[in-house]
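Spelled out from the first residue to the last, the chains are:
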Amino acid sequence: MTRTRLAVLSACQSARTDIDRLPDEAIGLPSVFLQAGIPGVVGTLWPVDDLSTALLMARFYDLHLHGDGQGPAPPVRALRRAQLWLRDVRAGELVTFFQEQRRTREEGGPALDAAAIAAGLSRFVLEEPESRPFEDPYYWAPFVFVGV
């Protein structure tokens, strides 16, 4: 029997608890998953940008499942590395990333959906290659890990 070990809720505000409505208890979506026996939950604290979320999640899953030379990373470490990558990634690197995603998709491999690839290419091909389009914490900081 395989048990679920991680729930990833990358939609807007999925890790937020409305303390105005429930002042006596911390009840929110992450705690529901923890109560159900899932030891880890990734969620967000505020509304998120679709493209930056797709990038962060692609990097998160790659690091969590495959690692970066040191074997698969635990979810909390994979999330932090993905956040730092998104914060520091340059527009020129993103153009290369989306071109690789397009090739992978054309070859039938796992890749972002075609709309995200097209949006990424059209957005970053015109930017200064050394600019860091997602350096603002708005793009990477809302993602949190809750659990053990």
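The coordinates are above.
Remember, predicted model here, so these are calculated numbers, not experimental data.

*Asks:* For this particular structure, what's the right way to read the environment of glycine 67?
*Replies:* Tracing the backbone shows glycine 67 in the loop between helix 2 (50-65) and helix 3 (75-88). A residue is classified by how much of its surface remains accessible, and glycine 67, at 13% relative accessible area, is buried. Linking glycine 67 and glycine 120, residues 53 residues apart in sequence, is a C-alpha distance of 24 Å. Not counting chain neighbours up to four residues away, the residues in contact with glycine 67 comprise Asp62, Pro72 and Ala73.

*Asks:* Looking at this structure, how should I read the nonpolar core?
*Replies:* Across soluble globular proteins, nonpolar side chains show a tendency to be buried alongside one another. Counting residues in hydrophobic clusters, the biggest one holds 30 residues, and the most contacted among them are Leu56, Phe98, Phe124 and Phe134. Only helix 2, helix 3, helix 4 (91-106), helix 5 (114-124), helix 6 (137-140) and strand 3 (143-147) provide two or more residues apiece to this core. Once you skip the residues sitting within four places of it in the chain, phenylalanine 98 turns out to touch Leu51, Leu55, Leu112, Ala116, Ile117, Gly120, Leu121 and Phe124.

*Asks:* Which parts of the structure should I look at to understand helix 3?
*Replies:* An α-helix turns once per 3.6 residues; consequently, residues spaced three or four apart project the same way. Look at helix 3: 20 Å from first C-alpha to last across 14 residues, which is about the 20 Å you get at 1.5 Å a residue. Of the residues making up helix 3, those classed as buried are Pro75, Ala78, Leu79, Ala82, Gln83 and Leu86. Across the axial projection of helix 3, the buried residues extend over an arc of 135°, all falling on one side. On its buried side, helix 3 packs onto strand 2 (40-44), helix 2, helix 6 and strand 3.

*Asks:* Before we go on, may I ask you to explain the sheet that holds strand 1 (residues 7-8) in this structure?
*Replies:* The strands that make up a sheet are held in pairs by hydrogen bonds between backbone atoms, and each pair lies either parallel or antiparallel. What the three strands build is an open sheet, ordered 1-2-3; its pairing is mixed. Both outer strands of the open sheet, strand 1 and strand 3, are each paired with one neighbouring strand and no more. Looking at chain direction, strand 1 and strand 2 are connected through two bridges and run parallel. Along strand 2, the bridge assignment pairs alanine 7 with valine 41. Here helix 3 sits on the sheet and contacts strand 2 and strand 3; the angle it forms with strand 3, its principal contact strand, is near 170°.

Each value, and the rule that gives it
Residues numbered from 1 in each chain as written. Predicted model: local features only at pLDDT ≥ 70, side-chain atom pairs only at ≥ 80, totals over all residues. Heavy atoms only, no water. Helix = DSSP H or I, 4+ residues; strand = E, 2+ residues; numbered from the N terminus. Buried < 20%, exposed > 50% of the residue type's maximum accessible area, 1.4 Å probe, protein only. Contact = heavy atoms within 4.5 Å. Core = buried A, V, L, I, M, F, W, Y, C linked by side-chain atoms within 4.5 Å. Expected span 1.5 Å × (residues − 1). Arc of directions from axis to C-beta. Pairing = 2+ DSSP bridges. Axes fitted to C-alpha atoms, helices over the stretch in contact; angles between N-to-C directions.

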